[in-house]
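Examination of the molecular architecture
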Amino acid sequence: MHTDVVLPFLLAWMTAASGTLQRCRNVSFIFKRSLDVTKVWGPKSEQLLKIDNHDFTMRPGFGARCVSAGPAVPVGVDVQVESLDAISEVDMDFTMTLYLRHYWKDERLAFKSNTNLSMTFDGRLVKKIWVPDMFFVHSKKSFTHDTTTENVMLRVFPDGKVLYSLRVTVTSMCSMDLSRFPLDTQTCSLEIESYAYTDDDLMLYWKEGNRSLSTDDRISLSQFLIQKFHTTTRLAFYSSTGQTGSAAPPFPSRAYGRYESRVTSDLFSPPGWYNRLYITFTLRRHVFFFLLQTYFPATLMVMLSWVSFWIDRRAVPARVPLGITTVLTMSTIITGVNASMPRVSYIKAVDIYLWVSFVFVFLSVIEYAAVNYLSTLQERKERMLRERLPCTCGLAHPGMMSASYSEVEANATGNYGLPESNGVKRERMLVQLAMESDQVTGHVGSSAYSNVWIDTHVIDKYSRVLFPGSYVLFNIIYWSIYS
């Protein structure tokens, strides 16, 4: 009886205990999965890197091996160009976005690691350790991107090697030679250098030579074709004087055969050699835009000015506006081109073409002025002849007219409003009489009058050949030199 009561009770108790144990196991499994891995069970990263145990205002290796300064810190650099944003001829600069990466070794940051894995940090730790003080020489404006957070990365390896990467956009100076513009090729350089450390303290170099520079294949510019990127390394000498504005004589380079000099106003800043890294790229300008916007319109205006050579010289309302229009249009083209260019003190290739075209257009106006003047002189002499001839000029002279009358010359002779007689204008007869008989014309010689008449035709006749021929010759010489 007693056994029958106890046995069911024991079975129930064991069932409840096993359920409780199972629930505890589930809770323990959930606890293990949701464990906060950011909770500091051991030393913090700053303690692991021993940041508080060292003075990181000093460069690595300073005072090592009982040497006052210690060996120079080798800092390798590589760059990935993300984009080449703009090239400005007016401001003489360019804008570039790039990833700048530094490599060096700081034994003070070495830490123990069983897995030999690196630790990666953001920009907050960068402010607590030593990093190279790089700057861009001749830069006008630069900034580190900070969207959505500051684009800075620091990676520390167990042996103390450090990778420091940041994304930068810089606007730097580029001295351009525009003497061949727009058929020019420009070479610009982005220069990287340590601001405070000479080559005795910091040795700056390209990590893998020319392979340290990589570019995006999608980089393109609207006006330029990017021909090549390459890297170089030079030494720059900085002199220290108490005065500004007078540079000390440059000293020859000890390593690379090149030198540069700079004056600092700090009297206590020691002179020295500084490593300078160059990112050099060559740009060739696309000329098709300028052919459409400048060269073709200028050429068409010159050709339009030649139309006046085929217009009657007495059609003043037709030839004068045509010449003035072409001159004003050329002036507008020249003004538009120079408005988008810097005010340089030398002549550009496009200036030569536009000004020569302007001279051709201007000469076409001068040509008509000469033709008009000679025509006026001719009319004046004809008027004098008409006043001096006797009244018998109205009589028919069959023999004289049959001997010298020419329909072509008659059509080329002006009409001065004299009445017609027998279907032939008296004015035509007057001109023919003046050319055949000195006795009839009085003091005016026929040979002189005939020469004036021929010169008036020769100017337009020869201009139709000389102007186009000269302009074609100029184009051949121009494009053979600058293309």
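What this report covers is the structure whose coordinates are included nearby. Everything quoted here is computed from the prediction, not taken from an experiment. Positions within a chain are numbered from 1, following the residues in the order the chain's sequence is written. Residues qualify for local features only when their pLDDT is at least 70, as the model is predicted, and side-chain atom pairs are given and counted only at 80 or more; totals for whole chains, interfaces and linings, by contrast, use all residues. Calculation of side-chain values draws on the structure's entire complement of heavy atoms; hydrogens and water are dropped beforehand.

Overview of the pattern of salt bridges
So the rule is basically this: A pairing counts as a salt bridge when a side-chain nitrogen of Lys or Arg comes within 4 Å of a carboxyl oxygen of Asp or Glu. Segments assigned H or I by DSSP are reported as helices when at least four residues long, segments assigned E as strands when at least two residues long, and all are numbered from the N terminus. Throughout, exposure labels follow a simple rule: accessible area from a 1.4 Å probe, protein chains only, divided by the maximum for the residue type, with under 20% read as buried, over 50% as exposed, and the rest as partly exposed.
For the structure on display, the rule yields 15 salt bridges. We note a salt bridge from Asp-184 to Arg-285, for which the minimum N-O separation is 2.7 Å. One end of the pair, Asp-184, is in the loop between strand 7 (161-173) and strand 8 (185-194); the other, Arg-285, is in strand 13 (residues 272-285), with 101 residues separating them in the sequence. For Arg-285, a relative accessible area of 4% translates into the label buried. In this structure, Arg-218 engages Asp-216 in a salt bridge whose closest nitrogen and oxygen atoms are separated by 3.3 Å. Residue Asp-216 is classed as partly exposed on the basis of its relative accessible area of 25%. Connected through shared salt-bridge partners, Glu-89, Asp-184 and Arg-285 make up one network.

Describing the packing of helix 5 (residues 316-339) against helix 6 (residues 349-388)
Stated formally: Interaxial angles span 0 to 180 degrees and are taken between N-to-C directions of axes, which are lines fitted to C-alpha atoms, for helices over the stretch in contact. Roughly parallel refers to an angle under 35 degrees, roughly antiparallel to one over 145, roughly perpendicular to one between 65 and 115, and oblique to any angle outside these ranges. Crossing handedness: left-handed means the near helix sits turned counterclockwise from the far one by under a right angle, and right-handed means the same turn made clockwise. Here, residues are in contact when the closest pair of their heavy atoms is within 4.5 Å. Note that Gly is not counted as nonpolar here; it falls among the polar residues with everything else outside the nonpolar set of Ala, Val, Leu, Ile, Met, Phe, Trp, Tyr, Cys and Pro and the charged set of Asp, Glu, Lys and Arg.
The geometry of helix 5 relative to helix 6 is characterised by a closest axis approach of 10 Å and an angle of 165° between their N-to-C directions. Here helix 6 runs roughly antiparallel to helix 5, going by the angle between their axes. Handedness of the helix 5/helix 6 crossing: left-handed. Along the contact surface, helix 5 presents Val-316, Arg-319, Val-320, Gly-323, Thr-326, Val-327, Met-330, Ser-331, Ile-333, Ile-334, Val-337 and Asn-338, while helix 6 presents Val-350, Asp-351, Leu-354, Trp-355, Ser-357, Phe-358, Val-361, Phe-362, Val-365, Glu-367 and Tyr-368. Per-class residue counts for the contact of helix 5 with helix 6 are 15 nonpolar, five polar and three charged.

Side note on the packing of aromatic side chains
Rules: A pair of aromatic rings is counted whenever rings of Phe, Tyr or Trp (Trp by its six-membered ring) have centres within 6.5 Å, and the orientation is called stacked for planes under 30 degrees apart, edge-to-face for over 60 and tilted otherwise. Throughout this description, the term charge over a ring refers to an Arg CZ or Lys NZ atom that lies within 6 Å of the ring centre and within 35 degrees of the ring normal.
In total, this model carries 25 aromatic pairs according to the counting rule given. Ring centres of Phe-229 and Phe-281 lie 5.4 Å apart, and the angle between their planes is 35°; this geometry places the pair in the tilted category. With a gap of 52 residues between them, Phe-229 in strand 11 (residues 224-240) and Phe-281 in strand 13 connect regions that are remote in the sequence. A connected cluster of aromatic rings, assembled from ring pairs, spans Tyr-295, Trp-306, Phe-309, Tyr-353, Phe-360, Phe-467, Tyr-471, Phe-474, Tyr-478, Trp-479 and Tyr-482. Lys-207 extends its terminal NZ or CZ atom over the ring of Tyr-103, reaching a point 4.8 Å from the ring centre.

Looking at the side chain of Ser-357
Threshold: Counted as a polar contact is a pair of N or O atoms within 3.5 Å, where, for protein atoms, one must be capable of donating a hydrogen and the other of accepting one, and residues adjacent in sequence contribute only when both atoms are in side chains.
As for its placement among the helices and strands, Ser-357 is situated in helix 6. Within the structure, Ser-357 has its side chain in polar contact with the side chain of Tyr-471 (distance 2.9 Å). The residues touching Ser-357, leaving out its near neighbours within four places in the chain, are Ala-298, Val-302, Met-330 and Tyr-471.

Re the pairing of strand 9 (residues 202-206)
Test applied: Here, strands pair whenever DSSP counts at least two bridges between them.
What you see with strand 9 is a clean split: Leu-202, Leu-204 and Trp-206 sit on the buried side and Met-203 and Tyr-205 on the side with no burial. When strand 1 (residues 73-88) meets strand 9, the two strands line up parallel, connected through five bridges. For Pro-74, the partnering residue across the bridge sits in strand 9 and is Met-203.

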